[in-house]
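Residue-level structural notes
Here is what each chain is made of, one letter per residue.
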Amino acid sequence: MHWPEIIWISIAFVWGLVMFLAMIYWHIEGEQNLSNEAYRITPDAFAEKTEAMAEAYTVREEGETGIPVVHPPPGSEVYMLARLWEWCPILELEKGQSYRLHLSSMDWQHGFSLQPTNINLQVHPNYEMVLTITPTETGVFGVVCNEFCGIGHHDMVGRIYVVE
Amino acid sequence: MSATTAEDVIAGIEEKYRTCLDTGLKVYEKAETLIKINAVTAVVFLAVGGFFGVLVALTRWPAVHLLPAELFYLVLTAHGAAVLLFWIIFFEIAVLYFASAIILNCRLAAPKVAWLGYVLMLVGSLLATVAVLQGESSVMFTSYVPMQAAPNFYLGLILFAVGALLGCFVFFGTLVIAKEEGTYEGSIPLVTFGALTAAIIAIFTIASGAIILVPTWLWSLGLISEIDSVTYKLVWWGMGHSSQQVNVSAQVSIWYVIAALVLGAKPLSEKVSRTAFLLYILFLQLACAHHMLAEPGISSEWKVFNTSYAFYLAVLGSMIHGMSVPGAVEAAQRRRGFDKGIFGWLRHAPWSNPAFSGMALSVVLFGFLGGISGVVLGTEQINLLMHNTLYVPGHFHATVVLGTTLAFMAITYLVVPLIFRRELIWPRMAQWQPYVFAIGVAGTSLFMMGAGTLGVSRRHWDITFSEAALSFDYPGMAFLMMGLNGIFGVIAGIGGLMFVLVVVGSLLFGKPRGAAEVKANPVVAGGEAASTYGSEGTLKLPGTITLVSIFFLAFVLYYFINWKFLSEVWPLS
Ligand code: HEM
Ligand SMILES: [Cu+2]
Ligand SMILES: [Cu+2]
């Protein structure tokens, strides 16, 4: 072994440790971490919970198909359901408030891609993923499906409003 | 085992071989034929699959939007399967036979089994391809359940995998024979060691594949009622990710063998390079988590450990090769007298030799584009910025195309004269090919990563959402990126076509290579450096040290920039 190699290997090894510890550090100090909270759930049960929320808090309807816009109270459990090929319902959230967002699919896998913020999560059938989100800006956000889900995949767009 | 071995030995003595005029290595006929057939089949799949790639890139160029939606998803599935699975793995089987039989001066173990493996792979790949082209299996090559393909799609992949497994066994058998017959001295050469790494990982890969594809096939036949979608993904990527490590091992071995054959370069230290391969074997099979970071129901502890290959020990392996390969080239060049300044050795490198230029571009672009983006993408939390966006295909076109495919193209420029014994027709075109292809693919790679950073989805037919009930507007910049991606995709396609033309043209019409041609146009510096164990002696490597320093700086900067991006996203917990 020659000295340039020894130095390079040492640097690379330490750098690997730094990158490893960075992920752990972010779990402690960072603000963007995915929760490990998930449950097994049947599509029907998830749909029921979503409908219950929509019934309680729908404020208006939008789009040709009359998708409900739901304004749940800050801090509450909010649901968004994925199915071929739509996201339901539209959520209206308040800036700076936290919500527990539940995601699940009724059929195949879908991809929750919140744009332009660029938060991307995988949505499975039979699994309910729960995470706490806190919108920091107002506006209209698209939820693009970014897991290929058949021929209507490119038409699967949902929406989240963030208001003051 | 020992009884059959004795018979094999006798058969081996009778087997026909020739002595290579270029390298002095013994080349056995049966091994040679098998290398040829596997390599040619690979190139056919590259030609077809590459063409599909260009169609995909043109469809994703919003101003062109070439294919209708249904056909787009079909062609995208076919593209992934044809190039990622069939081109790469057929070629890897050829590499295994080359690295065992040819490099070790040995006959191939059980040529009949090797033929059976080939036939299985061929039947399997055709079965799967036909299933896709019939339109009932547009599920992407990942075929995530519960989306379902036609049963023959899965069956084809299973047959293909079994065939590849047989190829690995023939490789192992050949190593055993070479050892018993003493066809080489001391330890096996580094190239063979790298190929051995690839084959060992391949066994793990194929086992994972069987565990998941067999039940999925039964499910598609209606014999199993349900397959859990998270478990499927976990095991599927046990195959899908570790097969990328097979690619990396094969490609790194090729870097070393090209440096050895073209320049007579030896690794800086054999032991260090071998240890780096060993790190691949020990840690690369982790990392199926790269594909599970945004998934529900998996703990962060497992994600962090797995995605980082323990603590980046496999990345450490690659960084070692990343110094050792250019270091070997620098040392060899200085030994040959190109000793001026820091980069004199680089200026005087054989840049017009496509084997060398292809290898050099593969090393640099794989490291800078593929390696760095891969580590960033695979960081547990940062992944959520890019998961399933075009950043992902951007990243892996830098690894599996700029790295693996370009390395395979480069070695082909040596395989044609050495194994097929043909002179290259159109040497000028061959000379330019690696550059054209590299520029094209580097462009698509960068622009896909750029579009992904802006949130553009992968595997998506219409980013204008013209028929969606609700809509969303991507920034104008994203559209510009997709246009540039289309343009560079066409350039990549031209580079790929140049490769296919030169190779197929040379096989059909190239001048046979006899003693006179070898003398007039020597393509290798000798087989010595490739087929023996040994390290470079030179210690003076200012050029390589400068290069790796630049690389490290780029790596650190880009890594922390992405943490900065992440910190600006909505808080999540
Ligand atoms: C002419 C050269 C090539 C061009 C222009 C090209 C272009 C593309 C494009 C535009 C995509 C689609 C991204 C998307 O919409 O999600 C894609 C996907 C892909 N490409 Fe290529 N590519 C080329 C060569 C290759 C090669 C040589 C390989 C493998 C060795 C490869 C492997 C893949 C894979 C695995 C996918 C993903 C398919 C999927 O998402 O299921 N490509 N390519
Ligand atoms: Cu979807
Ligand atoms: Cu989709």
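Refer to the preceding data block for the structure.
Residues numbered from 1 in each chain as written. Chains lettered and ligands numbered in written order. Predicted model: local features only at pLDDT ≥ 70, side-chain atom pairs only at ≥ 80, totals over all residues. Heavy atoms only, no water.

1. Some thoughts on the coordination of the copper ion (ligand 3)
All names here are of chain A. The copper ion (ligand 3) binds to the protein through Cys145 (SG), Glu147 (O), Cys149 (SG) and His153 (ND1); the donor distances cover 2.0 to 2.3 Å. Each donor residue of the copper ion (ligand 3) lies on one chain, and together they are spaced C-x1-E-x1-C-x3-H. For the pair the copper ion (ligand 3) and the copper ion (ligand 2), the metal-to-metal distance amounts to 2.7 Å, and cysteine 145 bridges them. You can call cysteine 145 buried: its relative accessible area is 0%. For glutamate 147, a relative accessible area of 2% gives the class buried. (Donors = N, O, S within 2.8 Å, 3.2 Å for Na, K, Ca; no water. Buried < 20%, exposed > 50% of the residue type's maximum accessible area, 1.4 Å probe, protein only.)

2. Notes on the site of ligand 1
All names here are of chain B. Surrounding ligand 1, one finds 26 residues, the nearest of these being Arg60, His79, His397, Arg458 and Arg459. Between ligand 1 and histidine 397, the relevant distance is 2.8 Å, taken from a nitrogen atom to a side-chain nitrogen or oxygen of the residue. At 2.6 Å from an oxygen atom of ligand 1 is found a main-chain nitrogen or oxygen belonging to arginine 459. Of all the elements in the fold, those that place two or more residues in the shell around ligand 1 are helix H2 (29-59), helix H3 (69-102), helix H13 (391-418) and helix H15 (476-509). Of the residues in the shell around ligand 1, the class split is 16 nonpolar, seven polar and three charged. (Near = heavy atom within 4 Å. Polar contact = N/O pair within 3.5 Å; in protein donor to acceptor, adjacent residues only side chain to side chain. Helix = DSSP H or I, 4+ residues; strand = E, 2+ residues; numbered from the N terminus. Nonpolar A, V, L, I, M, F, W, Y, C, P; charged D, E, K, R; others polar.)

3. Here we look at the interface of chain B and chain A
Opposite the 88 residues of chain B that make contact, chain A presents 73 residues. Summing both partners gives a buried area of about 7200 Å² for chain B against chain A, and 67% of it is carried by carbon and sulfur. Among the residues chain B hides against chain A, the three largest losses belong to Leu470, Trp570 and Leu572 of chain B. Together they make up 13% of the total. With a closest N to O distance of 3.5 Å, glutamate 147 of chain A and arginine 459 of chain B form a salt bridge. Residue assignment for the side of chain B that touches chain A shows that the elements contributing at least two residues are H3, helix H7 (229-263), helix H9 (300-307), helix H10 (309-335), helix H14 (427-453) and helix H18 (542-567) of chain B. Of the residues contributing to the side of chain B that touches chain A, the split by class is 52 nonpolar, 23 polar and 13 charged. (Contact = heavy atoms within 4.5 Å. Buried area = accessible area lost by both parts, 1.4 Å probe. Salt bridge = Lys/Arg side-chain N within 4 Å of Asp/Glu carboxyl O.)

4. A word on the environment of methionine 477 of chain B
All names here are of chain B. Tracing the chain through its elements places methionine 477 in helix H15. A relative accessible area of 45% places methionine 477 in the partly exposed class. As a C-alpha pair, methionine 477 and valine 500 span 23 residues in sequence and 34 Å in three-dimensional space.

Everything listed here is a matter of geometry and, on its own, says nothing about what the molecule does.
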